[in-house]
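Observations on the model geometry
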Amino acid sequence: MTTEQDPVKLMKQQVGFAAADRVQSHSIVGLGTGSTTVHALYRLGERLRSGELEDIKGIPTSFQASVLAKELGIPLVTLDDVDHIDIAIDGADEVDPHKNLIKGGGAAHTREKLVDSLADQFIVVVDSSKLVDRLGSTFLLPVEVLPIAITPVMAAIKKLGGQPEIRMGVKKAGPVVTDQGNLVIDVKFDSISNPAELEKTLNNIPGVLENGLFVGVADIILVGEIKDGQPTVRVIS
Ligand code: 5RP
């Protein structure tokens, strides 16, 4: 099977394109992070170049998004330059039946939550493997932590019943360092029965910047599926 025929890649591409096609001219757009959102950015770049879309401004959620947007000719602004965000497009690691999410697979969840929460409309782009009945069932919960606070934060998380591990780099010795210069702890919870409460409890631990639970933030989920051998997009709104 070639990369082009890889069903997961096809699903990611379809939802990325579908989300980008919802962006209108003159919009301020939150640009998410991850391999699915990358397809949305490519489509936005294409639409800008063809003239179908004009005058959009992007707010990147990570270094990845900012570098790619510059390559694709998507103009960028910061939160200091705007008084609102019209639409944000971002991926997720898990989506539950209430449209609550776990994010942070790319260690970008702190900026992602900031930008995605500010958007009038937040569109999540996922392939069907990301849908779960209960958050935490397939993915560890990422927590961004100030480096000096790593030991007390890990102890506090253990007291809450979580099993924390520091995320380590791939092709980089030592831990992952976020775009903000912090560390990420991935936490296994046996069961996340109340995501809203856990989101607040974790953020109340001194030294925690943000965790990857996104409760009540998503407006629309675009799910990439393969039906009869063809990639399709299901809308959950
Ligand atoms: C980055 C994220 C990503 O959006 C999430 O990990 C999904 O990534 P992908 O689209 O590559 O599966 O939260 O922090």
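Residues numbered from 1 in each chain as written. Predicted model: local features only at pLDDT ≥ 70, side-chain atom pairs only at ≥ 80, totals over all residues. Heavy atoms only, no water.

Overview of the overall build of the protein
The number of helices and strands found in the protein is six helices and 13 strands. At 18 Å, the protein has a C-alpha radius of gyration in line with the 18 Å of a compact globule built from 237 residues. Referenced to the eigenvectors of the C-alpha coordinate spread, the extents of the protein come out at roughly 55 × 45 × 35 Å. Residues counted as buried form 51% of the 237 residues belonging to the protein. (Helix = DSSP H or I, 4+ residues; strand = E, 2+ residues; numbered from the N terminus. Rg over C-alpha atoms; globule rule 2.2 N^0.38 Å. Buried < 20%, exposed > 50% of the residue type's maximum accessible area, 1.4 Å probe, protein only.)

Description of the sheet that holds strand β8 (residues 163-166)
Overall, antiparallel pairing links the four strands, which are arranged β8-β9-β7-β10 in an open sheet. Looking along the sheet, the strands with just one partner apiece sit at the ends: β8 and β10 (208-211). Averaged over all adjacent pairs, the angle separating strand axes in this sheet is 30 degrees, with direction ignored. In terms of strand pairing, strand β7 (residues 141-145) meets strand β9 (residues 183-188) through five bridges, oriented antiparallel. Looking across to β9, one finds that Pro 142 is bridged to Asp 186. Across the sheet, helix α4 (residues 109-118) lies against β7 and β10, angled at about 65 degrees from β10, the strand it touches most. Relative to β8, helix α5 (residues 150-159) is tilted by about 155 degrees, and along the sheet it contacts β7, β8, β9 and β10. (Pairing = 2+ DSSP bridges. Axes fitted to C-alpha atoms, helices over the stretch in contact; angles between N-to-C directions. Contact = heavy atoms within 4.5 Å.)

Regarding the sheet that holds strand β2 (residues 57-60)
Taken together, six strands build an open sheet; the order of strands is β2-β1-β3-β6-β12-β13 and the sheet is mixed. Here the strands that pair on one side only, and so sit at the sheet edges, are β2 and β13 (230-236). Across the sheet, the mean angle from the axis of one strand to that of its neighbour is 25 degrees, orientation sign disregarded. Taken together, the seven bridges between strand β12 (residues 220-227) and β13 define a ladder with antiparallel strand orientation. Residue pairing in the sheet places Ile 221 in a bridge with Ile 236 of β13. Relative to the sheet, helix α1 (residues 7-20) contacts β3 (85-90), β6 (119-127), β12 and β13, its axis offset from that of β12 by approximately 140 degrees.

Observations concerning the pattern of salt bridges
Within the structure shown, the criterion is met by eleven salt bridges. For Arg 43, the salt bridge goes to Glu 46, with nearest N and O atoms at 3.7 Å. Here Arg 43 and its partner Glu 46 are both found in helix α2 (residues 37-50), three residues apart, which amounts to about one turn of the helix. Residue Lys 103 pairs with Asp 90 through a salt bridge whose shortest N-O separation is 3.2 Å. Highlighted residues: Lys 103 in the loop between β5 (101-102) and α4 and Asp 90 in strand β3, separated in sequence by 13 residues. In this pair, the class of Lys 103 matches that of Asp 90, namely buried. (Salt bridge = Lys/Arg side-chain N within 4 Å of Asp/Glu carboxyl O.)

What about the nonpolar core?
By size, the foremost hydrophobic cluster in this structure holds 24 residues, and its most contacted members are Val 23, Leu 31, Leu 44, Ile 56 and Ile 74. For this core, the elements supplying multiple residues, two or more each, are α1, β1 (28-31), α2, α3 (63-72), β3, β6 and β12. Per-element accounting of this core gives the leading share, five residues, to α2. Beyond its immediate sequence surroundings of up to four residues, Ile 74 is in contact with Leu 31, Leu 41, Leu 44, Gly 45, Leu 48, Ile 56, Gly 58 and Ala 69. The next biggest cluster of nonpolar side chains, apart from the first, holds 21 residues, and it includes Val 153, Ile 185, Ile 192 and Leu 213. (Core = buried A, V, L, I, M, F, W, Y, C linked by side-chain atoms within 4.5 Å.)

A closer look at the packing of α1 against α2
Across the interface, α1 lies against α2 with an axial gap of 7 Å and an inter-helix angle of 45 degrees. By the angle class used here, α1 and α2 are oblique. Between α1 and α2 lies a crossing whose hand is right-handed. From α1, Lys 9, Lys 12, Gln 13, Gly 16, Phe 17 and Ala 20 reach across to α2, where they touch His 39, Ala 40, Arg 43, Leu 44 and Arg 47. Tallied by class, the residues present in the contact of α1 with α2 amount to four nonpolar, three polar and four charged. (Parallel < 35°, antiparallel > 145°, perpendicular 65-115°, else oblique. Left-handed = near helix turned anticlockwise from the far one by under 90°. Nonpolar A, V, L, I, M, F, W, Y, C, P; charged D, E, K, R; others polar.)

Digging into the site of the ligand
Of all residues adjacent to the ligand, which total 18 residues, the nearest are Thr 33, Ser 35, Thr 36, Asp 93 and Lys 130. Note that an oxygen atom of the ligand is positioned 2.8 Å from one of the backbone N or O atoms of Gly 104. Relative to its free-state accessible area of 380 Å², the ligand is covered by the protein chains to the extent of 91%. (Near = heavy atom within 4 Å. Polar contact = N/O pair within 3.5 Å; in protein donor to acceptor, adjacent residues only side chain to side chain. Areas by Shrake-Rupley, 256 points an atom, 1.4 Å probe, with all protein chains shown as cover.)

None of the figures reported here should be taken as evidence of function without further support.
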